[in-house]
Amino acid sequence: MDLSLTETEQRFAQDVRAWLEANVVPTQDVDPDPDLGMSEHGDDLAETIGRGRAWQSKLAGAGWVGINWPEEYGGRGASPVEVAIFNAEYARSGAPQLVNRVGINLAGPTLLAHGTPEQCRRWLPAIVSADEIWCQLFSEPGAGSDLSGLVTRAEPDPGTGGWRVSGQKVWTSYAQFARYGLCLARTEPGTTGPRGLSLLVVDMEAAGVEIRPLVQITGEAEFNEVFLEEVAVPAGHLVGPAGQGWTVASTTLAHERGTNFPFKEEVVHEGYLTRLFAQAARNGTLDDPDVADALVDAYVSLVVLRTHNWRTLSKLARGGEPGPESSWVKLTWSDMTQQMSEAALAVEGPASGLWGPWQRQWLWSKAASIAGGTSEVQRNVIGERILGLPREQRR
C-alpha cells in the first residue's frame, strides 16, 4: 500500500485540523483511559454524558460525525483513508471521546449494511447528533465468551406481528442513558448455537426493561445488567432477515474490533507512550532495565497495532469489509493497552501514590481482554477462520 497522502487527502487533513484547533478544549493532560473519556476526579456520569451529547451535537453540526456515512444520513461520504485521517487528527487534538460510540461504531454500520431504508432514515441521523444514545444487548451471564449460546428469547406477538423479548443481558455500556439497544435474541425455539437468532432493536424505555448499574473495580458504573420481561418489539425493528441474526451481528462485531476504534487508539496510545518516556526521563527510571524493557514492549505492541491498522485500511480502501482479521486487531489492542498500563506503573515506581490516572488505567485495562470479545475467543477465531486449524469441540 502507498502510505503517502494525495493532495486531496492532505487538504482534508488540514480542514480537520483547522476545525479541531478552533473548537476543541482539550481534556486533561493525563487522562489515560482511552475508552471512557472520564476524568480522574470521578465526575458524575450523568454530567459527563450531558457534556458528551453537547459536544457530539456540535461535531455533527459541522459534519464531523459518521463522516463515511451517506450525506442523507448525516455523514459526508468520506473514504476509508479520510476516516483514518480524521480519527488520527481527532485523537491528537485531545478532544473527548464521542458519547454515542456504540451508535456510531456498531449500530450505525450494522444498519447501513443490513437495515431497510426506512430504518436508516429513522435512526441514523439521531445517532449522529447523539439525540438518541444506543447500547449493545449481546452478552449474557451464561453466554459471554460463547455468544452464540445465548438464551434470551423473542416470541412472536400475534396481536402486533412483532415480538415479545425476555431474558437478561450484561456488560451493557451506558444502558441507563440509551434510548435503543441492538439485541441479539433467539427467535426460533429449539435451536442452538448461531442458528435461529435474530437481531432486534429494543426501545430501552419500553415497559419490561429494567437496568441495574454494575460498579467496576475503578468505582465507576458505565456497565449494566439489563433485564427484559415480555418487552414489546415492533415488526419494523427487525434488522436483516429473521433467523439470520448471527450473520447480521457478525457485521457489528467486526466493526467493534477492527475499524474506527483501533485507528483512534493507535494515535491515543502514541501520545500516552510519549508521555511515559518523558516522565521516565524526568524521574530517572529510564535507566532501570525493567522500566526500559516495559517501555520497549509497549512500543513494539503499538507498532504491531499500527501494522494491523494499515492492513485493515488497505482492505477498506479496496471496497472490502472487516472480516475475521479484525480479531487480530482486537487481540493486539488488548495486549497493547495492558502492557502500556504495566509500563506506566513501572515508570512511576514504588514511591508513587496509591491512586491517580495511571493507577486507574491499570485497573481499567484488566477489562481490555474481556470487553468486545475475550482474548481467548479472538484466538479461536484466528485459529479457525484465518489459520484453518480444526474447530474447537463445542457441546
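Reading guide: rules and limits
Residues numbered from 1 in each chain as written. Predicted model: local features only at pLDDT ≥ 70, side-chain atom pairs only at ≥ 80, totals over all residues. Heavy atoms only, no water. Helix = DSSP H or I, 4+ residues; strand = E, 2+ residues; numbered from the N terminus. Buried < 20%, exposed > 50% of the residue type's maximum accessible area, 1.4 Å probe, protein only. Contact = heavy atoms within 4.5 Å. Salt bridge = Lys/Arg side-chain N within 4 Å of Asp/Glu carboxyl O. Core = buried A, V, L, I, M, F, W, Y, C linked by side-chain atoms within 4.5 Å. Phe/Tyr/Trp six-rings, centres within 6.5 Å; stacked < 30°, edge-to-face > 60°. Lys NZ or Arg CZ within 6 Å of the ring centre and 35° of its normal. Axes fitted to C-alpha atoms, helices over the stretch in contact; angles between N-to-C directions. Parallel < 35°, antiparallel > 145°, perpendicular 65-115°, else oblique. Left-handed = near helix turned anticlockwise from the far one by under 90°. Nonpolar A, V, L, I, M, F, W, Y, C, P; charged D, E, K, R; others polar. Patch = residues over 30% accessible without salt bridge, like charges linked within 9 Å, V, L, I, M, F, W, Y side chains within 5 Å. Areas by Shrake-Rupley, 256 points an atom, 1.4 Å probe, with all protein chains shown as cover. Expected span 1.5 Å × (residues − 1). Bend = angle between axes of the 7 residues up to and from the residue. pLDDT = per-residue confidence, 0-100.

> Go over the side chain of Q279 with me, naming the residues and quoting the values.
By the secondary structure assignment, Q279 is in helix α7 (residues 260-283). For Q279, a relative accessible area of 17% gives the class buried. With residues near it in sequence (within four places) discarded, Q279 still touches V347, E348 and W358.

> Would you mind going over the side chain of S148 in detail, with residue names and values included?
Counting through the fold element by element, S148 comes out in the loop between β1 (134-137) and β2 (153-157). Discounting residues that sit within four places of it in the chain, S148 has contacts with R186, G193, P194 and W246.

> I'd like a rundown of the pattern of salt bridges, residues and numbers included.
All told, the structure shown has 15 salt bridges when counted by the stated rule. Ionic pairing is found between R92 and E89, a salt bridge with its closest N-O pair at 3.8 Å. Placement of both R92 and E89 in helix α3 (residues 80-93) is noted, with a separation of three residues, approximately one turn of the helix. On the accessibility criterion, R92 (53% relative accessible area) is exposed.

> Please provide a residue-by-residue account of the nonpolar core, values included.
Counting residues in hydrophobic clusters, the biggest one holds 46 residues, and the most contacted among them are L59, W64, Y90, L111, I127, W134 and L184. Where this core is concerned, the elements lending two or more residues are α1 (7-23), α2 (45-61), α3, α4 (101-114), α5 (117-129), β4 (180-186), β5 (197-203) and α6 (245-258). It is α3 that provides the largest number of residues to this core, a total of six residues. Setting aside residues no more than four positions away along its own chain, W134 makes contact with N100, V102, G103, A107, L111, W123, I127, A178, Y180, L182 and V201. Of all hydrophobic cores here, the second largest spans 25 residues; its members include L45, V165, A178 and A206.

> Describe the packing of aromatic side chains, listing the residues and the values that go with them.
Tallied over the entire structure, the rule returns ten aromatic pairs. Note on W19 and W55: the rings are 6.0 Å apart at their centroids and 40° apart in plane angle, and the pair reads as tilted. Of the two residues, W19 is situated in helix α1 and W55 in helix α2; the sequence distance between them amounts to 36 residues. Owing to a relative accessible area of 18%, W19 belongs among the buried residues under this scheme. On the basis of an interplanar angle of 85° and a centroid distance of 6.0 Å, the ring pair of Y272 and W358 is categorised as edge-to-face. With a gap of 86 residues between them, Y272 in helix α7 and W358 in helix α10 (residues 357-365) connect regions that are remote in the sequence. Members of the aromatic cluster, each reached through a chain of ring pairs, are F12, W64, F86 and Y90. The ring of W64 has R76 sitting right over it, with the charged end atom 3.8 Å from the ring centre. Across the ring face of F227, the terminal group of R212 is positioned such that the distance to the ring centre comes to 4.1 Å.

> I'd like a rundown of the packing of α1 against α3, residues and numbers included.
Look at α1 against α3: their axes get within 10 Å of each other, and the N-to-C directions meet at 30°. Relative to α3, the element α1 lies roughly parallel. Of the two elements, α1 crosses α3, and the hand of that crossing is right-handed. Contacts between α1 and α3 pair E9, F12, A13, V16, R17 and L20 from the former with V81, E82, I85, F86, E89, Y90 and S93 from the latter. Here the contact of α1 with α3 is composed, by residue class, of eight nonpolar, one polar and four charged.

> Describe a nonpolar patch on the surface, and please don't skip the residues or the numbers.
Nonpolar side chains collect at one region of the surface, where F277, L286, V296, Y299, V300 and V304 lie side by side and expose about 480 Å² of accessible area between them. In terms of residue count, helix α8 (residues 289-317) provides more of the nonpolar patch than any other element does, four residues in total. Relative to the assigned elements, L286 resides in the loop between α7 and α8. Using a relative accessible area of 34% as the deciding quantity, one classes L286 as partly exposed.

> Go over α5, please, and point to the residues and values.
Taking 1.5 Å as the rise per residue, α5 with 13 residues should run 18 Å; its terminal C-alpha atoms sit 19 Å apart, in good agreement. The axis of α5 is deflected most strongly, by about 30°, at W123, and proline P125 appears within four residues downstream. Listed as buried for α5 are Q119, C120, W123, L124, A126, I127, V128 and S129. Buried positions along α5 lie against α2, α4, β1, β4, β5 and β8 (238-239).

> Tell me about the packing of α4 against α5, and please be specific about residues and values.
The interhelical angle for the contact between α4 and α5, taken along N-to-C directions, is 160°, at an axis separation of 10 Å. Taken as axis vectors, α4 and α5 run roughly antiparallel relative to one another. Every pair of crossing elements has a handedness; the one defined by α4 and α5 is left-handed. Counting all contacts with α4, which are made through G103, I104, A107, G108, L111 and L112, the residues of α5 involved are C120, W123, L124, I127 and V128. Of the residues in the contact of α4 with α5, the class split is nine nonpolar, two polar and no charged.

> Give a detailed account of the environment of L214, specifying residues and quantitative values.
As for its position among the elements, L214 is in strand β6 (residues 209-214). The spatial distance from the C-alpha of L214 to the C-alpha of V170 is 9.0 Å, given a sequence separation of 44 residues. When residues no more than four places from it in sequence are discounted, the contact partners of L214 are V170, W171, E220, A221, F223, N224 and E225.

> Kindly report on the confidence of the model for the protein chain, identifying the contributing residues and their values.
Looking at the protein chain, the pLDDT average stands at 86 and 90% of residues meet or exceed 70. Below a pLDDT of 50 lies the segment residues 28-42, which in the model reaches 46 contacts outside its immediate sequence neighbourhood of four places, other chains included.

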